[in-house]
Amino acid sequence: MIRIDRIDRLVTGWASQAPDQVAVEGGSEDMTYGELDALANRFAHLFKAAGVAPGDRVGVHVPRSPRTIAAMLGAARAGAVYVPLDPSSPPARMKVIAADCGLRHVVIAPELLANWVAASIGDEIEHFFLAADAVPPGLSGKVHAWSEVQTSSADPLAPASDNPDDLAYLLYTSGSTGTPKGVMISHRNALSFTYWAADLISLSPKDRVASVAPFHFDLSVFDVWATLSVGATLVIVDEATVLSGPRMLDRIRGKRITVWYSVPSALVLMLDHGDLAARGASTLRVVFFAGEVFAIKHLRRAMAALPQARFFNLFGPTETNVCLAHEVSSPPAEDALAIPIGRPSCGDEVAILDERGQPVADGEVGELFVDGPTVMLGYWNGGQRVPARRPYPTGDFVARQSGGADGELMYHGRRDHMVKIRGFRVELGEVEAALAGHPGIREAVAFAVGGRLAAAVLPSDAELSVLAIKRHCAGRLPPYMIPSEVRIFTELPRTSSGKIDRVRVASILADANPQPPANPEERSRAL
Amino acid sequence: MQERIRASIHQYIVTTWLSGDERGFDDDTDLLAAGILDSFSTLSITAYLDENFHVQLDPSEINPANLRNVNAIVRIVLAKLPANGQGAASPS
């Protein structure tokens, strides 16, 4: 089968075959394939008229909506590269990203434009509005009102390019250094993943796929482009609803969602606060999860609540898209420590190498290297394109279960989550998995703080004591892996994608770390 | 004297190894099973006894039996204190 190999052409066929099929359902607006196709053309014509040339970057800084998707599609049709920006990101970060990728055109929500003005980057950029026409005061840059988009031509455009290896979008991830890095994803990179995933679950026009992840987060690539490639319907769930367990479950049930892709935390929220276990969600047939480790006890609860659904663990950093997958065909045993991250997906090939670049034996831990169609083109770095190393070193430690080349891979943590405590190598993920195994712990993260192991714990049981947590660890971990410092939180800071914000938790622990008094005098006073 | 030593050691362990959370902890709590006692914390505890009570444990005395819980530590401290408490620098 010949498949469309560029994002900009995905919707056209469905717009002529099934123009009245709903492509995207938003909170206040639904958009059919016919309407989406036309609006994408309007954006593309307006972008070109505003001077957007093939290869130029177009920022998309708006909450998720049908119009947002039309703008991304329109940018692609103008031959441009869209750059989804986090609506909740502080102005200083926007400024760094805008400078890094040379943004001169941004589709923006009027309410977010104030941030750009505050960061004094509003004036150098042409802005495109998706709703209101009022121009905020203090802005001398050019602004295109929503009415301009609406009155722009809807005629089809000549294809900007035939090359599937063109850059399609940039996703800015927080590098370990703290500077955002622009991951360059080509049309081929994105669609190799979305077609693979659509085939895996036989995605069809009857499906109703939830859009839960923000567009700057790579999980959304499946939601948007897999859905539109098969003529299915994308159902946008706003951030406030995602963060509310009961409302999220109401939405899934009310909107008859069939396919769901999120970080495990969003499912845990529905289990803990949304009564998912009692009410279920009978329309849901596929649950994809990725982005963080799904604690076994929560995965078991989710699978019990959704017995009709297939569960898949998808794995891969933004740089490789999804490169491994594992179907959880039956609930893991209660005392299982982890589930596999699976086998190579999307036509990718993997290798597990030691420090000297030699393959490791089955069962031994090494770094995961990936090559294949989903591996990014490289990093965008201040206008310079830095090609990806191939095979790409993921920084993730994995081991292949015995069973030869067909054995599934198990996750052993991040290279940057490996710390040394008193000379011992400690994988923080292992400590976290042990903590999460306690029935009274909902979530936990571990860090090295000042040479000591520290853990932040979010309990599900208010009675849970530090002593109980330590006892639990002592039964499962060697002494050097038992956190010296255990802090119980009532709430943990989260990133905009819903994951625990490790950087912020670590800084809270470091700031508030009550080190033992340094000398006997202080100890005496402490008595 | 005995009560003072007991309270001091109790407080030291709660502060240093339980992040100040006293719930569930008493002077019979098994420090080994609680994940508190290991080679590192043993060094820290013996240093604490030396600094605060001028009690030095012999290597042969540094064993899980003597350090199993607060009561056991208090016993070994009392047994090692110079007679009549002379020279015992009680924290004050």
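Every value quoted in this text rests on a predicted model; they were computed, and no experiment measured them.

K.L.:
I would appreciate a short explanation of the overall build of chain B in the present structure.
P.N.:
Counting its secondary structure elements, chain B contains 4 helices and 0 strands. Of the regular secondary structure in chain B, the N- to C-terminal order runs α-α-α-α. Counting across all 92 residues of chain B, residues that qualify as buried make up 46%. Considering only intrachain contacts with a sequence separation of at least 6, the fraction spanning at least 24 residues in chain B is 62%. With the model as given, the accessible surface of chain B reaches about 4300 Å², and the carbon-plus-sulfur share is 51%.

K.L.:
What exactly am I supposed to notice about helix α1 (residues 10-17) of chain A here?
P.N.:
One turn of an α-helix holds 3.6 residues; hence residues three or four places apart share an orientation. Residue and element names in this part refer to chain A. Those residues of α1 lying buried are Leu10, Val11 and Ala15. Projected down its long axis, α1 shows its buried positions confined to an angular sector of 105 degrees, all on one face. Exposed and facing more than 90 degrees away from the buried side of α1 are Ser16 and Gln17. On its buried side, α1 packs onto α2 (33-49), α3 (66-77), α7 (187-200) and α8 (219-230).

K.L.:
Got a minute to help me understand the sheet that holds strand β26 (residues 452-459) of chain A in this structure?
P.N.:
Two strands in a sheet stick together by hydrogen bonds in their backbones, pointing the same way (parallel) or opposite ways (antiparallel). Residue and element names in this part refer to chain A. Spatial ordering of the open sheet is given by β25-β26-β27, a layout of 3 strands whose pairing is mixed. At either margin of the open sheet sits one strand with a lone partner, and together these are β25 (441-449) and β27 (485-488). Sheet twist, expressed as the average angle between the axes of neighbouring strands with direction ignored, equals 20 degrees. Bridging between β26 and β27 involves 4 bridges; their strand directions are parallel. Within β27, the position partnered with Ala456 by the bridge is Arg487. Along the sheet face, helix α15 (residues 466-474) touches β25, β26 and β27 and points at about 130 degrees away from the line of β27.

K.L.:
Just to check I follow, could you spell out unusual backbone geometry for this structure?
P.N.:
Excluding glycine, most residues fall at negative phi; most peptide bonds, likewise, are trans. Following Arg390 of chain A, the chain continues into Pro391 of chain A via a peptide bond in cis, with omega recorded as -10 degrees. Of note, the phi angle at Arg256 of chain A is positive, near 55 degrees, even though the residue is not glycine. Looking at the element boundaries, Arg256 of chain A is found in the loop between α10 (245-254) and β12 (259-262). The phi dihedral of His54 of chain B falls on the positive side, at around 55 degrees, and the residue is not glycine. Positionally, His54 of chain B belongs in the loop between α2 (39-53) and α3 (64-67). Overall, His54 of chain B belongs to the partly exposed group, its relative accessible area being 49%.

K.L.:
Hey, could you run me through the interface of chain B and chain A in this one?
P.N.:
How big an interface is tends to be expressed through the accessible area that disappears when the partners come together. Contacts between the two partners involve 24 residues from chain B and, on the opposite side, 23 residues from chain A. Inspection of the region where chain B meets chain A yields 0 salt bridges. Applying the counting criterion to the chain B and chain A interface returns 7 residue pairs in polar contact (both at pLDDT 80 or more). Every element with two or more residues in the side of chain B that touches chain A is listed here: α1 (2-17) and α2 of chain B. Here the element with the most residues in the side of chain B that touches chain A is α1 of chain B; it accounts for 5 residues.

K.L.:
How should the pattern of salt bridges be read in this particular structure?
P.N.:
Pairs can form between side chains of opposite charge once their charged atoms are near each other. Residue and element names in this part refer to chain A. Tallied over the entire structure, the rule returns 34 salt bridges over all chains. Taking the shortest distance from any N to any O, the salt bridge between Arg452 and Glu485 comes out at 3.4 Å. In this pair, Arg452 is assigned in strand β26 and Glu485 in strand β27, connecting sequence segments 33 residues apart. Residue classification places Arg452 among the buried positions, given a relative accessible area of 11%. A relative accessible area of 2% means that Glu485 is categorised as buried. The structure contains a network of salt bridges with shared partners spanning Arg6, Asp8 and Asp166.

Conventions we followed
Residues numbered from 1 in each chain as written. Chains lettered and ligands numbered in written order. Predicted model: local features only at pLDDT ≥ 70, side-chain atom pairs only at ≥ 80, totals over all residues. Heavy atoms only, no water. Helix = DSSP H or I, 4+ residues; strand = E, 2+ residues; numbered from the N terminus. Buried < 20%, exposed > 50% of the residue type's maximum accessible area, 1.4 Å probe, protein only. Contact = heavy atoms within 4.5 Å. Areas by Shrake-Rupley, 256 points an atom, 1.4 Å probe, with all protein chains shown as cover. Arc of directions from axis to C-beta. Pairing = 2+ DSSP bridges. Axes fitted to C-alpha atoms, helices over the stretch in contact; angles between N-to-C directions. Salt bridge = Lys/Arg side-chain N within 4 Å of Asp/Glu carboxyl O. Polar contact = N/O pair within 3.5 Å; in protein donor to acceptor, adjacent residues only side chain to side chain.

Interpretation note: all reported values are geometric properties and have no functional meaning in isolation.
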